Amino acid sequence: MKRYSALELIRQGLTGHRGWDRVWRKPEPKESYDAVIIGGGGHGLATAYYLAKLHGMTNIAVIEKGWIGGGNSGRNTTIIRSNYLFDESAAIYNHALNLWKGLGQELNFNIMMSHRGVLNLAHDEGEMRQLKRRVEANRLNGVDSEWLDAKEVKNFCPSINISGDIRYPVLGGTLQRSGGVNRHDGVVWGYARAADAMGVDILQQTEVTGILTDSGQITGVETTRGTIRTPKVASVTAGHTSVMAKMLDIRLPVESHPLQALVSEPIKPVLNCVVMSNAVHVYCSQSDKGELVIGAGIDAQLSYTQRGNLDIIEHQMASLMELFPIFSRLRMMRQWGGIVDVCPDASPIITKTPVKGFYVNGGWGTGGWKATPGSGHVFADLIAKDEPNRIAAPFTMDRFVSGALVAEHGAAAVAH
Ligand code: FAD
Ligand code: PYC
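Quick caveat, the model's predicted, so the values are computed rather than measured.

Thoughts on the site of ligand 2
- In the region of ligand 2, the neighbouring residues are T77, I79, R81, M276, Y283, T366, G367, K370, A412 and V414.
- Here an oxygen atom of ligand 2 and a side-chain polar atom of R81 are 2.7 Å apart.
- Contact between ligand 2 and K370: an oxygen atom at 2.5 Å from a side-chain N or O atom of the residue.
- Of the residues in the shell around ligand 2, the class split is five nonpolar, three polar and two charged.

Let's talk about the packing of helix α3 (residues 87–107) against helix α9 (residues 372–385)
- Following both chains from N to C, one finds α3 and α9 inclined at 110°, their axes separated by 7 Å at the closest point. Of the possible angle classes, the one that applies to α3 and α9 is roughly perpendicular. Of α9, the residues touching α3 (which contributes I92, H95, A96, L99 and W100) are T372, P373, G374, H377 and V378.
- In terms of residue class, the contact of α3 with α9 is built from six nonpolar, four polar and no charged.

Examining the site of ligand 1
- Around ligand 1 sit 38 residues, and of these E64, N72, S73, T77 and K370 come closest.
- Backbone polar atom of I79 to an oxygen atom of ligand 1: 2.9 Å apart, as the coordinates give it.
- T366 places a polar main-chain atom, nitrogen or oxygen, 3.1 Å from a nitrogen atom of ligand 1.
- If ligand 1 stood free it would expose 1,000 Å²; the protein chains cover 96% of that surface.
- Of all the secondary structure elements, the ones that give two or more residues to the shell around ligand 1 are α2 (42–55), β11 (255–266) and β15 (332–342).
- With three residues, β11 is the single largest residue contributor to the shell around ligand 1.
- Among the residues making up the shell around ligand 1, the classes are represented as 13 nonpolar, 20 polar and five charged.

Details of the packing of aromatic side chains
- Summed over all chains, the structure comprises eight aromatic pairs.
- Ring plane angle 75° and centroid distance 4.9 Å describe the contact between Y49 and Y50, whose orientation is recorded as edge-to-face. By the burial criterion, Y49 is buried, and Y50 matches it.
- Centre to centre, the rings of Y93 and W364 are 6.0 Å apart; their planes meet at 80°, and the pair counts as edge-to-face. Taken together, the residues span a long stretch of sequence, with Y93 in helix α3 and W364 in the loop between β17 (358–362) and α9 at a distance of 271 residues. When sorted by exposure, Y93 lands in the same class as W364, which is buried.
- Put simply, the rings of Y49, Y50 and Y191 pair up and form one aromatic cluster.

Topic: helix α6 (residues 184–197)
- If you check α6, its first and last C-alpha atoms are 20 Å apart, about what 14 residues at 1.5 Å a residue would give, namely 20 Å.
- Counted residue by residue, α6 has 12 buried out of 14 residues, so it is predominantly covered.
- The inward-facing, buried residues of α6 abut α2, α3, β6 (201–203) and α9.
- In the stretch just after α6, G199 is the one whose phi turns positive, near 110°.

Here we look at the sheet that holds strand β8 (residues 217–223)
- On the basis of which strands lie adjacent, the open sheet formed by three strands has the order β7-β8-β9 and antiparallel pairing. On the outer flanks of this sheet lie β7 (208–214) and β9 (226–229), each paired with one strand and no other. Each strand of the sheet is rotated relative to its neighbour by a mean of 25°, with strand direction disregarded.

Some points on the packing of α3 against α6
- The contact between α3 and α6 brings their axes to 10 Å, and the two run at 50°. In terms of their interaxial angle, α3 and α6 are classed as oblique. By crossing handedness, the relation of α3 to α6 is classed as left-handed. Counting all contacts with α3, which are made through W100, L103 and L107, the residues of α6 involved are V187, G190, Y191, R193 and A194.
- Split by residue class, the contact of α3 with α6 holds six nonpolar, one polar and one charged.

Notes on unusual backbone geometry
- Positive phi values are uncommon outside glycine, yet H281 reaches one of about 65°.
- When its relative accessible area of 29% is taken as the criterion, H281 is described as partly exposed.
- Phi angles above zero are rare outside glycine, and A346 is one such case at about 55°.
- Within the secondary structure, A346 is located in the loop between β15 and β16 (349–352).
- What makes A346 buried here is its relative accessible area of 12%.

Here is what the cut-offs are and how they apply
- Residues numbered from 1 in each chain as written.
- Chains lettered and ligands numbered in written order.
- Predicted model: local features only at pLDDT ≥ 70, side-chain atom pairs only at ≥ 80, totals over all residues.
- Heavy atoms only, no water.
- Near = heavy atom within 4 Å.
- Polar contact = N/O pair within 3.5 Å; in protein donor to acceptor, adjacent residues only side chain to side chain.
- Nonpolar A, V, L, I, M, F, W, Y, C, P; charged D, E, K, R; others polar.
- Axes fitted to C-alpha atoms, helices over the stretch in contact; angles between N-to-C directions.
- Helix = DSSP H or I, 4+ residues; strand = E, 2+ residues; numbered from the N terminus.
- Parallel < 35°, antiparallel > 145°, perpendicular 65-115°, else oblique.
- Contact = heavy atoms within 4.5 Å.
- Areas by Shrake-Rupley, 256 points an atom, 1.4 Å probe, with all protein chains shown as cover.
- Phe/Tyr/Trp six-rings, centres within 6.5 Å; stacked < 30°, edge-to-face > 60°.
- Buried < 20%, exposed > 50% of the residue type's maximum accessible area, 1.4 Å probe, protein only.
- Expected span 1.5 Å × (residues − 1).
- Pairing = 2+ DSSP bridges.
- Left-handed = near helix turned anticlockwise from the far one by under 90°.

Put into structure tokens, the structure is as follows:
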């Protein structure tokens, strides 16, 4: 990576920032590649990175219709944890959590990984029982997870309101200390730069409009910049997963919903951890800039519009006020939405398909950011070897026929 002298930094600052070297190339599409990845979010770029690094597949392209990280990767609230209920989920989310730990060093990019702890609150007896059961299940799977009563919640997170006279009092919660947040664009740019350096072509402003086959085998893609030949196409398009599958007449049980979030004006450090409450439909953390990052449950209607609606925001703010009355005079600055692809069991799809050479990674719904490195790692393995490895195997599309669902709605931690 090029290093700039202090004089050069000043010169760039005074001359309109036009002379910087590109961090990744802006290549013209080649006529053919060994594999094409559709979707330049974190998962797609991570897949390209591990394909190149671990499987020696460097003649590949990531095709992105907008700009990299402009989809859910750039719109999510970056909560990372692995406290899911079932063994299959613990395996994949723990795999991701372990990769997050060294990722900044590996990519030589500051991804601002902060293991500040994630609290999941319980507000009634039923939730307490369910969350305590999850703590036990987590521990059996080696996930660091503990139950805190209301006072211990308050000790860990002093700004939270645990008074008993609110509509949904805090009765306790689970804590995963190794959970936390990181910086979404750092992750996307870090993967992009590293993949590009190994020869991966990142084609932005290029939309895939069709997928070509011959006798049940992938032969290429149609794009807004022409036809590209390839024997392997991998769709990693989040909210557009079912749209891509439909291009090959494959029906997936995926629904696309808007999920929205907002940020407040910046304030001094006041919230030291991530707080989530499934029952009241709000979750919150504080960014290093000081803004509170606040999310909500999904919008019930199906939609491809990347924005939210006021109804959800009103509900979200009312819940926030109950849990954190100290934020009552905060002003909110920006609001946005992303399109999340939700499966009936709230677990992802990582799969081969009936079309030879067509692979799908999607259905991560409201919770795929935390999986980014693990997802890319196992998906690259599947694409290179044409077989899912042990971690990915439970998440093939076969489960919708066999009935071996991995029902994680409770642990998804965002109301569906
Ligand atoms: P994306 O980043 O959406 O990438 C897919 C890309 O595919 C897009 O850039 C899109 O433009 C491109 N694409 C689509 N169609 C085409 C086409 N035809 N041709 C070319 N390109 C195409 N998860 C967590 O774990 N923790 C959280 O705190 C969290 N918070 C969230 C908050 C919000 C508001 C939202 C919306 C999501 C949240 N998620 C969270 C979920 C998480 O963001 C996603 O699961 C994850 O980022 C998906 O990553 P991706 O790379 O698959 O998708
Ligand atoms: O999966 O932890 C999560 C999450 C938090 C907010 C949205 N998704």
